[in-house]
Amino acid sequence: RREAGEHRAALEAQTAGLTEQKTDLAVELRGLKDKGRELERELESLRSRRSNIPRRNLEMRARMIEDLDLAEDALPFVGELLQVDDNELRWEGAVERLLHNFGLSLLVPERHYAAVSRYVDRTQLRGRLVYYRVREEEAKPPARSADPRALCRKLHIRPDSGFYPWLETWLADHFDHICCD
């Protein structure tokens, strides 16, 4: 009887441990399923658009545009306006890594800057947002690099963008000295 009682107590302790382990695994499984669903949404979002801007950033901008009653294309991400030249695709990965943070930056025309700045200051964005004030008078034609290997020469800016002059100047000022062979 004593042995049976000891064995029963050991089995109850083991059962309690297994029950706790089962609960922990169920919580972990639920977290992994949630993460999997989030990754699936991100993949679906990437498949449905041309840029690699993360869905969270696009949603942040969409809320801002809606709240400020701005046109859809009023606040582009830099990454939506840049593309690696077709003849330089071997550099695409390196260029994307180098320009990643800049590509996630919003360009804000002077006329919307005060409203965007107030919005960012008063809103819990739930994410990081970098934005540049784009003044038309600042956009001067850059002195193009004579070196065809310069990073800025491997990029195309969307030609129909009103931000073209500003971006061209910014890229030349910041990446004219970086050469890719």
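Everything in this summary refers to the structure shown in the same document. (Residues numbered from 1 in each chain as written. Predicted model: local features only at pLDDT ≥ 70, side-chain atom pairs only at ≥ 80, totals over all residues. Heavy atoms only, no water.)

1. Observations regarding the packing of helix H2 (residues 55–68) against helix H5 (residues 110–122)
At a minimum axis separation of 11 Å, H2 and H5 run at an interaxial angle of 120 degrees. The interaxial crossing formed by H2 with H5 has right-handed handedness. Residue-level contacts link Arg-63, Met-64, Asp-67 and Leu-68 of H2 to Ala-115, Val-116, Tyr-119 and Val-120 of H5. Partitioning the contact of H2 with H5 into residue classes produces six nonpolar, no polar and two charged. (Axes fitted to C-alpha atoms, helices over the stretch in contact; angles between N-to-C directions. Helix = DSSP H or I, 4+ residues; strand = E, 2+ residues; numbered from the N terminus. Left-handed = near helix turned anticlockwise from the far one by under 90°. Contact = heavy atoms within 4.5 Å. Nonpolar A, V, L, I, M, F, W, Y, C, P; charged D, E, K, R; others polar.)

2. Topic: the packing of aromatic side chains
Any pair of aromatic rings gets described here by the distance separating the centres and the angle formed by the planes. What the rule picks out here adds up to six aromatic pairs. Seen in terms of ring centroids, Trp-166 and Trp-170 are 6.4 Å apart; in terms of plane orientation they differ by 25 degrees. Their pairing is stacked. Taken together, the residues span about one helical turn, with Trp-166 and Trp-170 both in helix H6 (residues 164–175) at a distance of four residues. Of the residues examined, Trp-170 reaches a relative accessible area of 14% and is grouped as buried. Following the ring pairs from residue to residue traces out a cluster consisting of Phe-102, Tyr-132, Trp-166 and Trp-170. (Phe/Tyr/Trp six-rings, centres within 6.5 Å; stacked < 30°, edge-to-face > 60°. Buried < 20%, exposed > 50% of the residue type's maximum accessible area, 1.4 Å probe, protein only.)

3. Some details on unusual backbone geometry
Working note: non-glycine residues mostly have negative phi, and peptide bonds are mostly trans. You will see that Asp-69, though not glycine, has its phi angle at about 55 degrees, which is positive. You can see Asp-69 is positioned in the loop between H2 and helix H3 (78–81). Positive phi values are uncommon outside glycine, yet Arg-126 reaches one of about 60 degrees.

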